[in-house]
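What follows is each chain in one-letter form.
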Amino acid sequence: MKYLRLLPLLFFVVMLAACTSSQQGEGQDVEHNEDLKGLSRSNYDIGKVSFSVAELPGLTQVHRDSVPWTTYLPQTEENAPITYFFMDMKRTLSAPHIRLEYIDKKLDMMGTKESIFGWLKSLYINPEQQGQILEEGSSLTTMDGQEVEILAIKRPIVQVNDSLKRGLKMMAWAYLDHNDRFVAMNFSATDEGEYNEGLPQFKDLVRSYKDE
């Protein structure tokens, strides 16, 4: 009987500890992204995704229709670019930039973040491309508390044959859950210094993400 009388008290202590732990976790997330809270935000509602990101200094947003090579990318109900952020005003493939897009999880290889990362690694980590993983498994916390993993790959300069040389390309990806879709962020650069300079901005953009 003595132990039965203690059960309500034990239950209260467990619940209090759980609430305290949850509040501390939320506080850590808010503190982690405190540097982003005062920034203006851009909202998007397209392709069955609705979200916002911070307007970060040093990133120039360019609508997808104003990016020359976007016309060659597929634009369907299941997958299409949303917008671009350039780290300078050059709108060329060699300019460091971030692409945002929506992806339906029903598409082949797109069902989970793990399957997407596996597909990307199969594209670049092979004898032909000679890619190297720069970062994998590290995670960022978004403004709405989502934990997002980063994959980064470096494809080095490769002399394909006597007349063809494949240039350096450095890339980082993040896939943010949004119901039955992903909001994908892809950062690419063709210069190692520009990549290192732009990577923190890419990660800040990922951290600033929030479902709307």
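The structure we're discussing is the one just above.
All figures in this text were calculated on a predicted structure; none of them were measured in a lab.

1. With respect to the environment of Gly 137
- Tracing the backbone shows Gly 137 in strand E6 (residues 132–141).
- Here Gly 137 falls in the partly exposed class, since its relative accessible area comes to 45%.
- As a C-alpha pair, Gly 137 and Leu 151 span 14 residues in sequence and 7.0 Å in three-dimensional space.
- The residues touching Gly 137, leaving out its near neighbours within four places in the chain, are Glu 149 and Ile 150.

2. Re the sheet that holds strand E10 (residues 169–178)
- Here 7 strands make up an open sheet; going across it, the order is E3-E4-E5-E11-E10-E7-E6 and the pairing antiparallel. Only two strands of the sheet have a single neighbouring strand rather than two, namely strand E3 (60–63) and E6. Within the sheet, the average angular offset between the axes of one strand and its neighbour, ignoring direction, is 20°.
- Pairing between strand E4 (residues 79–86) and strand E5 (residues 97–104): 7 bridges, direction antiparallel. When the sheet's bridge partners are listed, Phe 85 is paired in E5 with Ile 98.
- Across the sheet, helix H2 (residues 113–124) lies against E6, strand E7 (147–155), E10 and strand E11 (181–189), angled at about 5° from E7, the strand it touches most.
- Against the sheet, helix H3 (residues 192–207) touches E4, E5, E6, E7, E10 and E11, its axis set at about 160° to E11.

3. Focus: the side chain of Asp 104
- Along the chain, the position of Asp 104 falls in strand E5.
- A residue is classified by how much of its surface remains accessible, and Asp 104, at 8% relative accessible area, is buried.
- A polar side-chain atom of Asp 104 sits 2.8 Å from the main-chain amide nitrogen of Lys 106.
- When near neighbours in sequence (up to four residues on either side) are disregarded, Asp 104 contacts Glu 78, Met 110, Asp 180 and Arg 181.

Conventions we followed
Residues numbered from 1 in each chain as written. Predicted model: local features only at pLDDT ≥ 70, side-chain atom pairs only at ≥ 80, totals over all residues. Heavy atoms only, no water. Helix = DSSP H or I, 4+ residues; strand = E, 2+ residues; numbered from the N terminus. Buried < 20%, exposed > 50% of the residue type's maximum accessible area, 1.4 Å probe, protein only. Contact = heavy atoms within 4.5 Å. Pairing = 2+ DSSP bridges. Axes fitted to C-alpha atoms, helices over the stretch in contact; angles between N-to-C directions. Polar contact = N/O pair within 3.5 Å; in protein donor to acceptor, adjacent residues only side chain to side chain.

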